[in-house]
Amino acid sequence: MENFTPISATLGGMLIGLSALWLMAANGRIAGVSGILGGLVTAPKGERRWRLWFLTGLILAPLLLTFIRRDYLEIQFPVTGTLLILGGILVGIGTQMGSGCTSGHGVCGIARFSARSLVATITFMAAGVVMVAILRSAGVLS
Amino acid sequence: MNRSFSALIAGLLFGAGLTISAMVNPAKVIAFLDIFGNWDPSLAFVMGGALLVTIPGYFVLRKKEKPLLEEQFFWPEATQVDRKLIIGATLFGMGWGLSGLCPGPAIASVGAFEINSLIFLGAMLTSAFGYRYISQRNASRP
């Protein structure tokens, strides 16, 4: 259990919660990233602009924070190459098919006490744990 | 304030939360899912912190008639736990475990200018948009 960081994780989580609350209070929308993203393709014309602005903020904030702490965006990829591409394909299809991801189901859905979101969250968490266990036993993770 | 600007604020808050909590780092996410290996439970606190804000916040918003900038709230209406939800969440969880990235962090990590991040994002966007496009086309067929 090295690198245990419960305080920064809680603080970051609260900011995500605040974002979700703000987007609902102001725009009446669920802050689910996969839903906001998917709507770029299927939503009516006038419903696309705010989505792009949300995604712009999502990209800008980490960049701005690197002025405070340079290592914020120093990230590591334990898995690369073909497996990483496969991961991207699965995340893309899975989140659209399952109508949500960690934010839409995990944060917003559970906060509404939606059984659907609770089931989805338990399912993707379990699938993630199994996948990492497989990677570990296959020797992909060091 | 207009809808785009408030969405930008929500995106900035969301991106800051993902960064401060280290959820943008695939290695951190994989360590969170690595229950049977070198487990780092930190990221459970991200969800905890977010729910701490969204549960009471949504409870209050539920009673309001409309949001600040829209004519209505867009609360999700689906309640059915169906096959699509389970299969989608399973595929998403597999991809999440494989890569250590879900849609929010995948987009937020663009600023890291890391080739692996861009490879993942390309795969994710292609499959997500492709899925949306095809399912919309099929739905509109007579």
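The shown structure was predicted, so the numbers you read here are calculated from the model rather than taken from an experiment.

A. Representation of the interface of chain B and chain A within the structure. Across the contact, 106 residues belong to chain B and 109 residues belong to chain A. Connecting chain B to chain A are three salt bridges. Residues A:Arg116 and B:Asp82 are paired through a salt bridge, measuring 3.8 Å at the closest nitrogen-oxygen approach. The interface formed by chain B and chain A holds 22 residue pairs in polar contact (both at pLDDT 80 or more) in total. Elements that contribute at least two residues to the side of chain B that touches chain A include exactly helix H1 (3-20), helix H2 (26-33), helix H3 (44-61), helix H4 (83-99), helix H5 (103-108) and helix H6 (115-139) of chain B.

B. Representation of helix H2 (residues 33-42) of chain A in the model. Among the ten residues that make up H2(A), seven are buried, leaving the element largely enclosed by the rest of the structure. Here H2(A) has its buried residues at A:Val33, A:Ser34, A:Ile36, A:Leu37, A:Gly38, A:Gly39 and A:Leu40.

C. Molecular detail of the layout of surface pockets. Of the volumes computed, that of the largest pocket is approximately 850 Å³. What lines the largest pocket is a set of 35 residues, and nearest its centre among them are A:Ile30, A:Gly35, A:Ser99, B:Pro76 and B:Arg132. If you list the elements that add at least two residues to the lining of the largest pocket, you get H2, helix H3 (49-65), helix H4 (81-97), helix H5 (102-111) and helix H6 (115-137) of chain A together with H4 of chain B. By residue number, the principal contributor to the lining of the largest pocket is H2(A), which donates five residues. Of the residues that constitute the lining of the largest pocket, the class distribution is twelve nonpolar, 15 polar and eight charged. Roughly 680 Å³ of volume is contained in the second largest pocket.

Rules of the game
- Residues numbered from 1 in each chain as written.
- Chains lettered and ligands numbered in written order.
- Predicted model: local features only at pLDDT ≥ 70, side-chain atom pairs only at ≥ 80, totals over all residues.
- Heavy atoms only, no water.
- Contact = heavy atoms within 4.5 Å.
- Salt bridge = Lys/Arg side-chain N within 4 Å of Asp/Glu carboxyl O.
- Polar contact = N/O pair within 3.5 Å; in protein donor to acceptor, adjacent residues only side chain to side chain.
- Helix = DSSP H or I, 4+ residues; strand = E, 2+ residues; numbered from the N terminus.
- Buried < 20%, exposed > 50% of the residue type's maximum accessible area, 1.4 Å probe, protein only.
- 1 Å grid on protein atoms, 1.4 Å probe; cavity = no way out; pocket = protein on both sides within 12 Å on 5 of 7 lines; lining within 4 Å.
- Points joined across faces, edges and corners; volume = space filled by probe spheres on them.
- Nonpolar A, V, L, I, M, F, W, Y, C, P; charged D, E, K, R; others polar.

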